[in-house]
Amino acid sequence: MNAPTFGPTSYHPTKGERTSLEIKDFNLWYGAAQALFDVAMDVQVGMVTALIGPSGCGKSTLLRSMNRMNDLIDNLRINGAIRLEGDDIYGPAIDVIGLRKRMGMVFQKPNPFPMSIAENVVYPLRVDGVTDRALLEQTVERSLKAAALWDEVKGRLKENALGLSGGQQQRLCIARAVAGDPEVLLMDEPCSALDPIATAKIEELIDELRGNYTIIIVTHNMQQAARVSQNTAFMYLGRLIEYGDTKRMFTNPIEARTQDYITGRFG
């Protein structure tokens, strides 16, 4: 990706709120190709932050940088900083596995494991060696209730999760993500494979989870961003163009490029 001609821009949400994630002058390269340029933004605790922008603008790259999933890519190079509650996630002392436990991830397509509904939920605890039956059962109920799925599946917990509908599978994946009680939920286009009814349920769930978790969602759907988020970041060609209160962004954007994108002139 060639460097754009415009300079780095950073807008911050209303001051006074506690910051969960702090991103400072973050750059990322895939080999010789730079994908992110001087990204700087603060993500507020307990709010939903939407990342919007055209395909290939760096939204998912930035999201996957937040829990270091991009580490699995060869020839990756970064500079700058991302801090989670003050901890530099790229610092030499960071435990990457521990970091990913603090940041639950929900992917574009539902990806339940080929095991029972209950075992899908407690899988993160099983990996940690938890065997206490009462704790596992409590976690199943707590997490499925948090994902607004308990009433639909409480009589089917031993059934294979692959028998659930697509929307139910995605809510199960959210239950699995919250089972380990993370601080942040990262969602990469969580509704793109779902029908409108299932999408509405996921959006309602995001609103219910807000406050208990800091949520960052990548979406191509600007109407969805407007419905579910309190803050929105518009990205273009690997740069953060504008960031701030969602209502203000969609009604009175500061940057001409933001206005052009949200009005459909490109994208």
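This text goes with the structure placed above it.
So, a few notes on the structure that sits alongside this text. Because the structure is a prediction, the values reported are computed rather than measured. (Residues numbered from 1 in each chain as written. Predicted model: local features only at pLDDT ≥ 70, side-chain atom pairs only at ≥ 80, totals over all residues. Heavy atoms only, no water.)

Here the focus is the overall build of the chain. Helix and strand content of the chain: 10 helices and 10 strands. Here the C-alpha atoms of the chain give a radius of gyration of 19 Å, agreeing with the 18 Å that 2.2 N^0.38 yields for 267 residues. Along the longest, intermediate and shortest principal axes, the C-alpha atoms of the chain span 55 × 40 × 35 Å. In the chain, which comprises 267 residues, the share counted as buried stands at 49%. A separation threshold of at least 6 residues defines the contact pool for the chain, and within that pool the share at least 24 residues apart is 70%. When the accessible area of the chain is evaluated, it comes to approximately 12,200 Å², of which 49% is carbon and sulfur surface. (Helix = DSSP H or I, 4+ residues; strand = E, 2+ residues; numbered from the N terminus. Rg over C-alpha atoms; globule rule 2.2 N^0.38 Å. Buried < 20%, exposed > 50% of the residue type's maximum accessible area, 1.4 Å probe, protein only. Contact = heavy atoms within 4.5 Å. Areas by Shrake-Rupley, 256 points an atom, 1.4 Å probe, with all protein chains shown as cover.)

Turning our attention to the sheet that holds strand 8 (residues 214-218). An order of 6-7-8-3-9-10 is seen for the 6 strands of this open sheet, with the pairing classed as mixed. This sheet does not close on itself; its edge strands, each paired only once, are strand 6 (103-106) and strand 10 (239-245). Shown here is a sheet whose adjacent strand axes are inclined to one another by a mean of 15°, direction ignored. In terms of strand pairing, strand 6 meets strand 7 (residues 184-188) through 4 bridges, oriented parallel. Within strand 7, the residue paired with methionine 105 across the bridge is leucine 186. Sheet strands touched by helix 6 (residues 166-179): strand 6 and strand 7. Its angle to strand 6, the strand with the most contacts, is close to 170°. Strand contacts of helix 7 (residues 196-209): strand 3 (48-52), strand 7 and strand 8, with the helix running at about 150° to strand 8, the strand carrying the most contacts. (Pairing = 2+ DSSP bridges. Axes fitted to C-alpha atoms, helices over the stretch in contact; angles between N-to-C directions.)

The next thing to look at is the nonpolar core. Of all hydrophobic cores here, the largest spans 45 residues; its most connected members are Leu144 and Ile174. The element that contributes the greatest number of residues to this core is helix 6, accounting for 6 residues. Contact partners of leucine 144, with chain neighbours within four places excluded, come to Ile117, Val121, Leu149, Trp150, Val153, Leu157, Leu172 and Ala175. (Core = buried A, V, L, I, M, F, W, Y, C linked by side-chain atoms within 4.5 Å.)

Overall, the coordinates contain 3 aromatic pairs when judged by the stated rule. Centre to centre, the rings of phenylalanine 26 and tyrosine 90 are 5.8 Å apart; their planes meet at 35°, and the pair counts as tilted. With phenylalanine 26 in strand 1 (residues 19-30) and tyrosine 90 in the loop between strand 5 (87-88) and helix 2 (96-102), this pair connects stretches of sequence that are 64 residues apart. The cationic tip of arginine 77 hangs over the ring face of tryptophan 29; the distance from NZ or CZ to the ring centre is 4.1 Å. In this arrangement the basic side chain of arginine 176 is found over the ring face of phenylalanine 113, its NZ or CZ atom lying 4.1 Å from the centre. (Phe/Tyr/Trp six-rings, centres within 6.5 Å; stacked < 30°, edge-to-face > 60°. Lys NZ or Arg CZ within 6 Å of the ring centre and 35° of its normal.)

A few words on the pattern of salt bridges. Across all of its chains, the model carries 18 salt bridges by this definition. With its nearest N and O atoms 3.1 Å apart, the salt bridge here joins aspartate 87 to arginine 102. A residue pair is termed long-range when its members are at least 10 positions apart, and aspartate 87 in strand 5 and arginine 102 in helix 2 qualify at 15 residues. A salt bridge links arginine 210 to aspartate 207; the shortest N-O distance between them is 3.2 Å. Given a relative accessible area of 35%, arginine 210 falls into the partly exposed group. Look at the salt bridges and you will find they share partners, linking Asp87, Arg102 and Glu183 into a network. (Salt bridge = Lys/Arg side-chain N within 4 Å of Asp/Glu carboxyl O.)

The next subject is unusual backbone geometry. Although it is not a glycine, arginine 68 sits at a positive phi angle of roughly 65°. Among the structural elements, arginine 68 can be located in the loop between helix 1 (59-65) and strand 4 (76-84). Located in the positive-phi region is aspartate 181, a residue other than glycine, with phi close to 55°. Relative to the helices and strands, aspartate 181 resides in the loop between helix 6 and strand 7.

Side chains three or four residues apart in an α-helix point the same way, a direct result of the helix having 3.6 residues per turn. In a regular helix each residue adds 1.5 Å, so 14 residues correspond to 20 Å; helix 4 (residues 133-146) covers 20 Å between its end C-alpha atoms and thus fits that length. Those residues of helix 4 that sit buried are Leu136, Thr139, Val140, Ser143 and Leu144. Each buried residue of helix 4 sits inside an arc of 115° when the element is viewed along its axis, so together they form one side. Check the buried side of helix 4 and you find it contacts helix 3 (117-127), helix 5 (150-153) and helix 6. N-capping of helix 4 is provided by aspartate 132, with a side-chain oxygen placed 3.0 Å from the backbone N of alanine 134. Of the residues trailing helix 4, alanine 148 is marked for its positive phi of about 55°. (Expected span 1.5 Å × (residues − 1). Arc of directions from axis to C-beta. Polar contact = N/O pair within 3.5 Å; in protein donor to acceptor, adjacent residues only side chain to side chain.)

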